[in-house]
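# What the coordinates show
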Amino acid sequence: MSKKVAIIGSGNWGSAIAKIIGMNVAKNTTVFDQKAKMWVYEEMIDGQKLTEIINTKHENVKYLPGIKLPENIVAVPELDDVVSDADLLVFVLPHQFLPRLLNGIKDKIKKDAVAIHLIKGVFFIDGEMVPISSRIKDVLGIECCTLMGANVANEVAREEFCETTIGYETQEAGEVFFKLFNTKFFEVTIIQDVTGPEICGALKNIVAIGSGFCDGLGYGGNTKAAIMRIGLKEMRGFAMMYSKTVVESTFLESCGVGDLITTCIGGRNRKCGAYFAKTGKAWEVIEKELLNGQKIQGVPCAKEIYEILSTKNLLAKFPLFHTIHRICVGELEPKEIINYKSVNN
Ligand SMILES: NC(=O)c1ccc[n+]([C@@H]2O[C@H](COP(=O)([O-])OP(=O)(O)OC[C@H]3O[C@@H](n4cnc5c(N)ncnc54)[C@H](O)[C@@H]3O)[C@@H](O)[C@H]2O)c1
Ligand SMILES: O=P(O)(O)OC[C@H](O)CO
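Per chain, the residues get numbers from 1 upward, laid out in the order the sequence is written. Each chain gets a letter, beginning with A, and each ligand a number, beginning with 1, in the order they are written. Residues qualify for local features only when their pLDDT is at least 70, as the model is predicted, and side-chain atom pairs are given and counted only at 80 or more; totals for whole chains, interfaces and linings, by contrast, use all residues. Neither water nor hydrogens contribute to the side-chain values; these are computed over all heavy atoms in the structure.

Going by what an unreviewed UniProt entry lists, the protein chain is known as Glycerol-3-phosphate dehydrogenase [NAD(+)] and is assigned to Anaeramoeba flamelloides. UniProt positions are given in the numbering used here, feature names are shortened, and annotations may be inferred rather than shown by experiment. The protein chain has a UniProt comment under Catalytic activity (unreviewed entry) that states "sn-glycerol 3-phosphate + NAD(+) = dihydroxyacetone phosphate + NADH + H(+)". UniProt's Sequence similarities (unreviewed entry) comment on the protein chain is quoted here verbatim: "Belongs to the NAD-dependent glycerol-3-phosphate dehydrogenase family."

Here it is as structure tokens:
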């Protein structure tokens, strides 16, 4: 039986990945059902429903303007309709919206469905970090893989060559998702590490905010490289401390150093960090002015990681993460980023 795919989320990345999914299910007729439903958080654009616009113009005019989506991607506003008959669930939405959504679908999905998530964030529950894959697995009772990489959505949507990493628990799931996502311009590597990629995907957003501070302050490439290197070291330290299953070579994959580089050069977090350092505006205002409904992930993530480290008395081991959080909440000036070793003492 061919597998039905559900895409849960339709923002900038959700829409870009829907384009790849639409192309690949159309090619792999023996493996996949030919249509994929995409859940859209309904909103009105100039008096018309976004789902209607996507289904007639085949373009997500708000979150991925200028890119045609394949006609086999069907935008659906009712979540139950999207997930109830799906064999493969692709979660791709800002993580703050996930908990409510999971509770709403837990009794609606097929028991043998398999999930993958593309979400760069983590949860902080009762003083502990909870990776998104664990949360999905716990609530839905199904396997959950991760897809993370150096993948700025607009570039992927324009079919510019890049790599990505899929972390799997069972080889079978890794292979089916390889078929769903791999293309000539989106080169997938599968690895047996679910947690390492997703921790990298969340923590790189904090470092990207710090890189943005450097750009906003007019610092050069050497300083930015230093922030990226220190950030990578703290990312690795945090991930290895959190879980014994994290594999060290993961940090050299696209989901590790690759994603860190691209996000610190061309991502939204970087852009917003630079604007913050230049203008001192509130993050909500920056999000509104620069992102047109898209979300900044690095600022809440820096807070969540700060809370975990503070609860565990580990802030001294992660001085860059600590400093970036303190700058984000206005306790320090952006220029203090280079004093990360001493400023928290
Ligand atoms: N954009 C990228 O380049 C990129 C690349 C890789 C990974 N990611 C990650 O993918 C995830 C999704 O990001 P994105 O770029 O697709 O999203 P986005 O920031 O572009 O869009 C926000 C989305 O949230 C939806 N939304 C708004 N309010 C909502 C609500 N109350 N409930 C549910 N949904 C609501 C909007 O409709 C929109 O689809 C994030 O974790 C991000 O870090 C993004
Ligand atoms: O635009 P950002 O900062 O959310 O980063 C985008 C992607 O995560 C890069 O892989």
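Once you've had a look at it, read on.
### Observations regarding the packing of helix α8 (residues 195-216) against helix α9 (residues 221-242)
With axes taken as lines fitted to C-alpha atoms, and helix axes fitted only over the stretch in contact, angles between N-to-C directions fall between 0 and 180 degrees. Secondary structure elements follow DSSP: runs of H or I of four or more residues count as helices, runs of E of two or more count as strands, with numbering from the N terminus. Relative to each other, α8 and α9 sit at 155 degrees, their axes nearing to 9 Å. On the basis of the axis angle, α8 is roughly antiparallel to α9. Like other packed secondary-structure pairs, α8 and α9 cross with a definite hand, here right-handed. Contacts from T195, I199, C200, L203, K204, V207, G210, S211, C214 and D215 of α8 reach α9 at T223, K224, I227, M228, G231, M235, F238, A239 and Y242. Throughout this description, any angle smaller than 35 degrees is read as roughly parallel, any larger than 145 degrees as roughly antiparallel, any in the 65 to 115 degree range as roughly perpendicular, and the remainder as oblique. Throughout, a crossing is termed right-handed when the near helix is turned clockwise from the far one, and left-handed when it is turned anticlockwise from it by less than a right angle. Pairs of residues are marked as contacts when any of their non-hydrogen atoms sit within 4.5 Å.

### Let's talk about the pairing of strand β10 (residues 144-148)
Burial classes follow relative accessibility: with a 1.4 Å probe on protein chains only, a residue under 20% of its type's maximum area counts as buried, one over 50% as exposed, and anything between as partly exposed. Counting buried residues along β10, five of its five residues qualify, which places the element largely inside the surrounding structure. Direction of pairing for strand β7 (residues 114-117) relative to β10: parallel, over a ladder of three bridges. Looking across to β10, one finds that I116 is bridged to C145. The criterion for strand pairing is that DSSP finds at least two bridges linking the strands in question. In this structure, β10 lies alongside strand β11 (residues 162-167), joined through three bridges in antiparallel fashion. Paired with T146 across the two strands is G167, which belongs to β11.

### Notes on helix α1 (residues 12-27)
With 16 residues, α1 extends 24 Å from end C-alpha to end C-alpha; this agrees with the ideal 22 Å at 1.5 Å per step. Along α1, 13 of the 16 residues are buried, which leaves the element largely enclosed by surrounding structure. Multiplying 1.5 Å by the residue count of a helix minus one yields the expected span of that helix.

### A closer look at the packing of aromatic side chains
Two aromatic rings, drawn from Phe, Tyr or Trp (for Trp, its six-membered ring), form a pair once their centres lie within 6.5 Å of each other, and the interplanar angle then sorts them: stacked below 30 degrees, edge-to-face above 60, tilted otherwise. Per the stated rule, a full pass over the model turns up seven aromatic pairs. Consider the rings of F276 and W283, whose centres lie 4.3 Å apart with planes at 5 degrees: the pair is stacked. F276 sits in the buried class, given a relative accessible area of 11%. Joined through ring pairs, the aromatic side chains of F213, F276 and W283 make up one cluster. The rule is short: NZ of Lys or CZ of Arg within 6 Å of the ring centre and within 35 degrees of the ring normal puts a charge over the ring. Note that R135 overlies the ring of F123, its terminal NZ or CZ placed 5.2 Å from the centroid.

### A look at the site of ligand 1
Lining the immediate environment of ligand 1, one finds 23 residues, of which N12, W13, K120, A153 and K295 sit closest. The separation between an oxygen atom of ligand 1 and a polar main-chain atom of G11 is 3.2 Å. Think of a polar contact as two N or O atoms within 3.5 Å of one another; within protein, one of them needs to be a possible hydrogen donor and the other a possible acceptor, and neighboring residues in sequence only count if both atoms come from side chains. One nitrogen or oxygen atom from the side chain of Y41 is found 3.5 Å from a nitrogen atom belonging to ligand 1. Shrake-Rupley sampling with a 1.4 Å probe provides the accessible areas, and residues are treated as covered by the protein chains on show and by no other component. Alone, ligand 1 offers 840 Å² of accessible surface; in the complex the protein occludes 90% of this. Near is defined per residue: the residue qualifies when any heavy atom it owns lies within 4 Å of the molecule or strand.

### Focus: unusual backbone geometry
Of note, the phi angle at N292 is positive, near 45 degrees, even though the residue is not glycine. In this model, N313 sits at a positive phi of 60 degrees, which is unusual for a non-glycine residue. Among the structural elements, N313 can be located in the loop between α13 (298-311) and α14 (319-328).

### A word on the pattern of salt bridges
For salt bridges, the criterion is a side-chain nitrogen of Lys or Arg within 4 Å of an Asp or Glu carboxyl oxygen. As enumerated under the stated definition, the model contains 18 salt bridges in all. With a shortest N-O distance of 2.9 Å, K37 and D81 are connected by a salt bridge. One end of the pair, K37, is in strand β2 (residues 32-39); the other, D81, is in helix α3 (residues 79-83), and 44 residues separate them in sequence. For D259, the salt bridge is made with K120, and the minimal N-O distance between the two is 2.8 Å. Here K120 lies in the loop between β7 and β8 (122-125) and D259 lies in helix α10 (residues 254-266), a separation of 139 residues in the sequence. Ionic contacts of the salt-bridge type, sharing partners, join the residues D215, K224 and R270 into one network.

### Here's the deal with the environment of I132
With respect to the secondary-structure elements, I132 resides in helix α5 (residues 132-140). For I132, a relative accessible area of 0% translates into the label buried. With twelve residues separating them in the primary sequence, I132 and K120 have C-alpha atoms 8.7 Å apart.

### Focus: the sheet that holds strand β12 (residues 186-191)
Ordered in space as β5-β2-β1-β6-β7-β10-β11-β12, the eight strands form an open sheet in which the pairing is mixed. At either end of the open sheet lies a strand with only one pairing partner, and these are β5 (73-76) and β12. Looking at each pair of strands side by side, their axes are set apart by 25 degrees on average, direction ignored. Against the sheet, helix α7 (residues 171-181) touches β1 (3-8), β2, β6 (88-91), β7, β10, β11 and β12, its axis set at about 175 degrees to β12. Across the face of the sheet, α8 comes into contact with β7, β10 and β12 while running at roughly 45 degrees to β10.

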